[in-house]
Amino acid sequence: MRIAIFASGNGSNFEAIAKAVEEKRLSVQIASVVYDKKDAYVQTRAKKYNIPAYYFNFSTYQSKESYEQAILEQLKRDKVDFIVLAGYMKFIGRVLLQAYPNKILNIHPSLLPQFPGKSGIADAFKAKVSQTGVSVHLVDEGIDTGPILKQMCVSIDKEDTLESLTEKIHRIEHHLYPLVIQEYSEKLFKQLTNKADDNLQ
Ligand code: GAR
């Protein structure tokens, strides 16, 4: 199965996935990286793994639809089976949702439905809850909504700072995301092969 990873910034989750592929803990091919912020560090990480990275500048498109249409054409050229969002800070619109139904995964640094949005870790820390976590879910038209595939809890201890909590969350993310991607790609692969069998009968 071929995936595209969408990111907007640092790309540590991209790197955790790329490393898992390299170490054969994850049997997908990363066809490409799509990013939407010119200086996103993820492009440097992609180079290190020899993975093509494409920059799409939203402000140069007339609409969300034309922006996503351009991305979709690239995904088709790269024969991408499903999309993995890893710190991609834009909501996914109609064009990509229709092209990839139930085939877009996202990771979010909280126990959804708590603390959605761009600052899930800080929001949980400020709220002084005793535990937060990481969620991997399928993407729908909402922001960090959609069916949850897997969650892991992270405790917020008295001595935690925002920095130590961020570190704990990222460690869990880097462990969890490759596992869920592996499971989900096996499921999609089965669906595809069953469909192919049905077509033959
Ligand atoms: C990750 O913590 C991810 O869960 C979060 O962005 C970070 C990206 O880090 N995503 C969201 O908040 C989505 N709403 P990375 O660029 O180092 O992978």
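Treat the numbers as computed from the prediction; the structure is a model and nothing was measured.

Analysis parameters
- Residues numbered from 1 in each chain as written.
- Predicted model: local features only at pLDDT ≥ 70, side-chain atom pairs only at ≥ 80, totals over all residues.
- Heavy atoms only, no water.
- Helix = DSSP H or I, 4+ residues; strand = E, 2+ residues; numbered from the N terminus.
- Rg over C-alpha atoms; globule rule 2.2 N^0.38 Å.
- Buried < 20%, exposed > 50% of the residue type's maximum accessible area, 1.4 Å probe, protein only.
- Contact = heavy atoms within 4.5 Å.
- Areas by Shrake-Rupley, 256 points an atom, 1.4 Å probe, with all protein chains shown as cover.
- Salt bridge = Lys/Arg side-chain N within 4 Å of Asp/Glu carboxyl O.
- Near = heavy atom within 4 Å.
- Polar contact = N/O pair within 3.5 Å; in protein donor to acceptor, adjacent residues only side chain to side chain.
- Expected span 1.5 Å × (residues − 1).
- Phe/Tyr/Trp six-rings, centres within 6.5 Å; stacked < 30°, edge-to-face > 60°.
- Core = buried A, V, L, I, M, F, W, Y, C linked by side-chain atoms within 4.5 Å.
- Pairing = 2+ DSSP bridges.
- Right-handed = clockwise from strand over helix to strand, strands pointing away.

A count of helices and strands for the protein gives six helices and seven strands. Its helices and strands taken in sequence order, the protein reads β-α-β-α-β-α-β-α-β-α-β-β-α from the N to the C terminus. The C-alpha atoms of the protein give 17 Å as radius of gyration, which agrees with the globular expectation for 201 residues (17 Å, within 12%). Taking the principal axes of the C-alpha coordinates as reference, the protein spans close to 60 × 40 × 35 Å. Looking at the 201 residues of the protein, the share that counts as buried comes to 47%. Contacts in the protein between residues far apart in sequence, at least 24 positions, make up 62% of those at least 6 positions apart. About 10,700 Å² of surface is accessible on the protein, with carbon and sulfur atoms providing 53% of the total.

A few words on the pattern of salt bridges. Opposite charge on two side chains makes pairing possible when the charged atoms of those side chains draw close. In the structure shown here, the tally under the stated rule is ten salt bridges. A salt bridge links Glu-15 to Lys-48, with the nearest nitrogen and oxygen atoms 2.6 Å apart. Of this pair, Glu-15 sits in helix 1 (residues 12-22) while Lys-48 sits in helix 2 (residues 42-48), and the two are 33 residues apart along the sequence. With a closest N to O distance of 3.2 Å, Lys-168 and Asp-157 form a salt bridge. Of the two residues, Lys-168 sits in helix 6 (residues 162-200) while Asp-157 sits in the loop between strand 7 (148-155) and helix 6, which places them eleven residues apart along the sequence. The exposure class of Lys-168 is buried, given its relative accessible area of 19%. Connected via shared salt-bridge partners are Glu-15, Arg-45 and Lys-48.

Turning to the site of the ligand, a few remarks are in order. Near the ligand lie 13 residues; those nearest to it are Gly-11, Ser-12, Asn-13, His-108 and Glu-173. For the ligand, an oxygen atom lies 3.3 Å from a polar atom in the side chain of His-170. For the ligand, the protein covers 91% of the area, taking 450 Å² as the surface of the free molecule. Those elements that place two or more of their residues in the shell around the ligand are helix 1, strand 5 (104-108) and helix 6.

Now for helix 3 (residues 64-77). The end-to-end C-alpha separation of helix 3 is 20 Å, in line with the 20 Å expected for 14 residues at 1.5 Å each. Listed as buried for helix 3 are Lys-64, Tyr-67, Glu-68, Ala-70, Ile-71, Leu-72, Gln-74 and Leu-75. Considering only its buried residues, helix 3 is in contact with strand 1 (2-7), strand 2 (29-35), strand 3 (53-55), strand 4 (82-85) and helix 4 (94-99). Backbone geometry just downstream of helix 3 places Lys-79 in the positive-phi region, at approximately 50 degrees.

Scanning all chains against the criterion turns up six aromatic pairs. Aromatic side chains Phe-6 and Tyr-88 sit 5.2 Å apart centroid to centroid with 75 degrees between the ring planes, which places their arrangement in the edge-to-face category. Separated by 82 residues along the polypeptide, Phe-6 in strand 1 and Tyr-88 in the loop between strand 4 and helix 4 bring together distant segments of the chain. Pair check on accessibility: Phe-6 and Tyr-88 agree, each one buried.

Here the focus is the nonpolar core. Core analysis: the biggest nonpolar cluster contains 39 residues, and Phe-14, Ile-17, Tyr-177 and Ile-181 have the highest contact counts within it. By residue number, the principal contributor to this core is helix 6, which donates nine residues. Dropping the residues within four chain positions of it, Tyr-177 is found in contact with Asn-13, Ile-17, Val-84, Leu-85, Ala-86, Leu-105, Asn-106, Ile-107 and Val-136.

With that out of the way, let us pick up the pairing of strand 2. Here strand 2 lies mainly inside the structure; six of its seven residues are buried. Summarising the sheet, strand 1 and strand 2 pair through six bridges and their orientation is parallel. Bridge pairing in strand 2 links Ile-5 to Val-33. The β-α-β motif built from strand 1, the intervening helix 1 and the parallel element strand 2 has right-handed crossover chirality. Bridge count for strand 2 against strand 3 is three bridges, and the pairing is parallel. Bridge pairing in strand 3 links Val-34 to Tyr-54. Once you follow strand 2 into helix 2 and on to strand 3, the crossover reads as right-handed.

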